[in-house]
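Residues per chain are reported as follows:
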Amino acid sequence: MTDDPRPPEGPAARAGPGRPPGSAAQDGRTPARSAAYAFKKELVLKTAASLFFRDGYTRTRIADIAAELGVTPPFIYYHFASKLELLTAICAQTSVMSADLAESALTPADEDVLPRFRRFVREMSLRVIEEREFLSILFVEGKQLPPEIYERLRADRQRFARALHQLLEEGRQAGVFRYEDASIANQTVTGMVTWPFNWFRPDGPESAEAVAARLETLVLAALGVPFEVASARPDGAGPEDRSPNETLDDSAQENMLADSKT
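Residues numbered from 1 in each chain as written. Predicted model: local features only at pLDDT ≥ 70, side-chain atom pairs only at ≥ 80, totals over all residues. Heavy atoms only, no water.

Asks: Just to check I follow, could you spell out the overall build of the protein for this structure?
Replies: A tally of regular secondary structure across the protein gives 14 helices and 0 strands. Starting at the N terminus, the α and β elements of the protein follow one another as α-α-α-α-α-α-α-α-α-α-α-α-α-α. Here the protein, with 262 residues, has 41% of them falling under the buried criterion. (Helix = DSSP H or I, 4+ residues; strand = E, 2+ residues; numbered from the N terminus. Buried < 20%, exposed > 50% of the residue type's maximum accessible area, 1.4 Å probe, protein only.)

Take a look at the structure:
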């Protein structure tokens, strides 16, 4: 199934394939129009991600995205030059977000490493859950990207790994974390905070916030932090203060395991 031909008009077309449209100043938009443009562009991106996730990148056409939004294809092309540019933006959003979050946890340097690491795990988990369709597309459809674009995403993954390594080593040197192999610790933490994209269900027994809190405890405990410290919350609430509704029942766990095997 072929994609719709790309019309030559609009900011996205002028920017060229694989590159974002120009800034508001370059396009002559006022701040209000720029905000409206950004909102519409994000709406197109999220709609495309939902359709790529549901139907697959190859089977989804620009016309399908337009129909889902109730607009015509030129509206889509005004914001993105091609379907490939949409896929690139979806994959890049997750890879850039992950690297930025890891790097942001390295500062401020005068703050103890433990609260900075806690924030990183919590925020990363929540963003992964919120953008789980984006991350799934990156894993499943990333092979559709040209080599030069894939290399850019690979650079973001390396940026994430370097920042996380630095954060873990800072914690180990401070005596907060205890682990034997830095590479295994890095891969373990990465897997724990990113894999919820595959098993989290919005209609499940736990909210995104509850899952992120559980993951925070598990990650810290895996790094050798005592459970009573790992499970403590900024508001002073411990694991015994949680609602019974936050506990996964046996059937929910079985469903999650089944989903992970499909």
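Asks: Which parts of the structure should I look at to understand helix α10 (residues 182-194)?
Replies: Given 3.6 residues per turn, any residue in an α-helix points the same way as the ones three and four places further on. Taking 1.5 Å per residue, 13 residues should reach 18 Å; α10 reaches 18 Å between its end C-alpha atoms and fits that length. Restricting attention to buried positions, one finds in α10 the residues Ala182, Ala185, Asn186, Val189, Thr190, Val193 and Thr194. One face of α10 carries all of its buried residues, which in axial projection span an arc of 145°. Exposed residues on α10 whose side chains face more than 90 degrees from its buried face are Ile184 and Gln187. (Expected span 1.5 Å × (residues − 1). Arc of directions from axis to C-beta.)

Asks: Before we go on, may I ask you to explain the packing of helix α3 (residues 31-55) against helix α8 (residues 132-141) in this structure?
Replies: Look at α3 against α8: their axes get within 9 Å of each other, and the N-to-C directions meet at 55°. Comparing their axes, α8 and α3 come out oblique. Between α3 and α8 lies a crossing whose hand is left-handed. The residues of α8 that touch α3, namely those facing Leu45, Lys46, Ala49, Ser50, Phe52 and Phe53, are Glu133, Phe134, Ser136, Ile137 and Glu141. When the residues that make up the contact of α3 with α8 are grouped by side-chain class, the tally is 6 nonpolar, 2 polar and 3 charged. (Axes fitted to C-alpha atoms, helices over the stretch in contact; angles between N-to-C directions. Parallel < 35°, antiparallel > 145°, perpendicular 65-115°, else oblique. Left-handed = near helix turned anticlockwise from the far one by under 90°. Contact = heavy atoms within 4.5 Å. Nonpolar A, V, L, I, M, F, W, Y, C, P; charged D, E, K, R; others polar.)

Asks: Would you mind going over unusual backbone geometry with me for this structure?
Replies: Leaving glycine aside, a negative phi is the common case for residues, and trans is the common case for peptide bonds. Cis geometry marks the peptide bond from Thr107 to Pro108; its omega dihedral reads -5°. Positionally, Pro108 belongs in the loop between α6 (83-104) and α7 (113-130).

Asks: Got a minute to help me understand the nonpolar core in this structure?
Replies: A general feature of soluble globular proteins is that nonpolar side chains tend to end up buried together. Membership of the largest hydrophobic core comes to 55 residues, with the highest contact counts inside it found for Phe52, Leu86, Phe117, Phe120, Leu168, Phe177 and Leu223. Per-element tally for this core: the top contributor is α6, with 9 residues. If near-sequence neighbours (up to four positions away) are discounted, Phe120 is found in contact with Leu101, Ala102, Ala105, Phe160, Leu164 and Leu167. Residues Ile129, Trp199, Phe200 and Val211 belong to the second largest nonpolar core, which totals 6 residues. (Core = buried A, V, L, I, M, F, W, Y, C linked by side-chain atoms within 4.5 Å.)

Asks: Hey, could you run me through the packing of aromatic side chains in this one?
Replies: Here a ring pair, both rings aromatic, is described through the centre-centre distance and the interplanar angle of the planes. All chains considered together, the criterion is met by 7 aromatic pairs. Judged by centre distance (5.0 Å) and plane angle (10°), the ring pair of Phe139 and Phe197 falls under stacked. Placement of the pair is Phe139 in helix α8 and Phe197 in helix α11 (residues 196-199), with a sequence separation of 58 residues. Judged by its relative accessible area of 11%, Phe197 falls in the buried class. Cluster of aromatic residues (ring-pair linked, three or more members): Phe117, Phe120, Phe160 and Phe177. (Phe/Tyr/Trp six-rings, centres within 6.5 Å; stacked < 30°, edge-to-face > 60°.)

Asks: How do you make sense of the pattern of salt bridges when you look at a structure like this?
Replies: It is possible for side chains bearing opposite charge to pair when their charged atoms get close. Evaluated as defined, the whole model comprises 13 salt bridges. The residue Glu169 makes a salt bridge to Arg172 at a minimum N-O spacing of 2.9 Å. Of this pair, Glu169 and Arg172 both sit in helix α9 (residues 147-173), 3 residues apart, roughly one helical turn. Overall, the relative accessible area of 29% leaves Arg172 in the partly exposed class. With a shortest N-O distance of 3.3 Å, Glu206 and Arg214 are connected by a salt bridge. Since its relative accessible area comes to 9%, Glu206 is described here as buried. Put simply, Asp100, Glu103, Asp156 and Arg159 are held in one network by salt bridges that share partners. (Salt bridge = Lys/Arg side-chain N within 4 Å of Asp/Glu carboxyl O.)

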